Amino acid sequence: MKRFHIHIGVDNLDEAIRFYSGLFGAEPVKAKPDYAKWMLDDPRVNFAISTRAKKKGVDHLGIQVEEEAELNELRSRLEKSEMKVLEEGATTCCYARSEKSWVQDPAGIPWEAYRTMEDAQFFSENMAGTEGACCAPEAPVQFISLKPAARKGGC
């Protein structure tokens with residue numbers, strides 16, 4: 001089963017936790033000094049906030065899957081849709097060990113397709129104890145389409 005993922009950068013984590021806990025009617029399932037995550041069933045969403053995002057507001061979106069076969073099917077859909085896919089592979093990010101792929105939508109928003117295998121003690125394998133974000137790739141993946149007619153026109 002898939003779960004929609006949203007990651008938002010915030011300035012004040014405690015204030016944001018109070019706000020989102022009230023909004024969702026639930027406390028975070030994971031809370032660290034720089035990160036919090038809610039795994040909601042109604043609506044089915046993995047909602048995360050952190051002080052490590054590159055910018056405040058929406059940092060990236062994603063689709064989280066539970067099984068490797070679901071991740072392979074999702075990756076296949078991305079490739080068939082003629083998107084340039086950045087395969088990150090196994091990584092530690094946001095206090096979890098995951099398998100990830102990235103694409104960028106036409107508006108420039110990074111999207112990750114990923115499966116989490118287990119919790120981790122560090123925010124990032126490359127940044128244990130240091131500042132900085134690890135999620136969305138530094139060099140954005142450019143959206144490409146070989147169907148120019150689909151991009152013509154206005155809204």
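For the structure, check the block above.
Residues numbered from 1 in each chain as written. Predicted model: local features only at pLDDT ≥ 70, side-chain atom pairs only at ≥ 80, totals over all residues. Heavy atoms only, no water.

*Asks:* Sorry if this is basic, but what is going on with the overall build of the chain here?
*Replies:* Check the secondary structure of the chain and you find two helices and eight strands. For the chain, the succession of helices and strands along the chain, N to C, is β-α-β-β-β-β-α-β-β-β. Within the span of the chain, comprising 155 residues, buried residues form 43% of the whole. (Helix = DSSP H or I, 4+ residues; strand = E, 2+ residues; numbered from the N terminus. Buried < 20%, exposed > 50% of the residue type's maximum accessible area, 1.4 Å probe, protein only.)

*Asks:* What's the story with the packing of aromatic side chains in this structure? I'm lost.
*Replies:* Any pair of aromatic rings gets described here by the distance separating the centres and the angle formed by the planes. Using the criterion set out here, one finds nine aromatic pairs in the structure. When the ring of Phe-24 is compared with that of Trp-38, the centres are 5.8 Å apart and the planes differ by 70 degrees; the resulting orientation is edge-to-face. In this pair, Phe-24 sits in helix H1 (residues 13-24) while Trp-38 sits in strand E3 (residues 35-41), placing the two residues 14 residues apart along the sequence. Judged by relative accessible area, Phe-24 falls into the partly exposed class, the value being 26%. Judged by centre distance (5.0 Å) and plane angle (75 degrees), the rings of Phe-24 and Phe-47 are edge-to-face. Highlighted residues: Phe-24 in helix H1 and Phe-47 in strand E4 (residues 44-50), separated in sequence by 23 residues. Residue classification places Phe-47 among the buried positions, given a relative accessible area of 6%. (Phe/Tyr/Trp six-rings, centres within 6.5 Å; stacked < 30°, edge-to-face > 60°.)

*Asks:* I'm lost on the pattern of salt bridges in this one. Help?
*Replies:* Charged atoms that come close allow side chains of opposite charge to pair. Tallied over the full model, the rule gives twelve salt bridges. Put simply, Glu-66 and Arg-44 hold a salt bridge, and the shortest N to O gap is 2.7 Å. Residue Glu-66 is located in the loop between strand E5 (57-65) and helix H2 (68-80), and its partner Arg-44 is located in strand E4; the two are separated by 22 residues in the primary sequence. It is possible to trace a salt-bridge network through shared partners that takes in Arg-3, Asp-41, Arg-44 and Glu-66. (Salt bridge = Lys/Arg side-chain N within 4 Å of Asp/Glu carboxyl O.)

*Asks:* Looking at this model, I keep getting lost on H2. Mind explaining?
*Replies:* Since the α-helix packs 3.6 residues into each turn, any two residues three or four apart lie on the same face. The terminal C-alpha atoms of H2 lie 18 Å apart, and with 13 residues this matches the ideal 18 Å at 1.5 Å per residue to within 8%. Taken together, the buried positions of H2 are Glu-70, Leu-71, Leu-74, Arg-75 and Leu-78. Down the axis of H2, the buried side of the element spans an arc of 135 degrees, and every buried residue falls inside it. Those residues of H2 that are exposed and angled more than 90 degrees off the buried face are Ala-69 and Lys-80. Buried residues along H2 sit against E5, strand E6 (86-93), strand E7 (96-104) and strand E8 (110-119). (Expected span 1.5 Å × (residues − 1). Arc of directions from axis to C-beta. Contact = heavy atoms within 4.5 Å.)

*Asks:* I keep staring at the pairing of E7 and nothing clicks. Help me out?
*Replies:* The side chains of a regular strand alternate, first on one face of the sheet and then on the other. Burial within E7 is extensive, with seven of its nine residues counted as buried. Note: E6 against E7, seven bridges, orientation antiparallel. Looking at E7, one finds that Thr-92 is bridged to Arg-97. Between the end of E6 and the start of E7, which pair antiparallel, lie two residues, with Cys-94 showing a positive phi angle near 55 degrees. (Pairing = 2+ DSSP bridges.)

*Asks:* Sorry, what's going on with the nonpolar core here?
*Replies:* Most often, soluble globular proteins keep nonpolar side chains buried together rather than apart. Among the nonpolar cores identified, the biggest contains 14 residues, and Ile-8, Tyr-20, Trp-38, Phe-47 and Ile-49 are the most heavily contacted of them. Contributions of two or more residues to this core are made by strand E1 (3-9), H1, E3 and E4. Once residues lying within four places of it in the same chain are set aside, the contact partners of Phe-47 are Ile-6, Ile-8, Tyr-20, Phe-24, Ala-36, Lys-37 and Trp-38. (Core = buried A, V, L, I, M, F, W, Y, C linked by side-chain atoms within 4.5 Å.)

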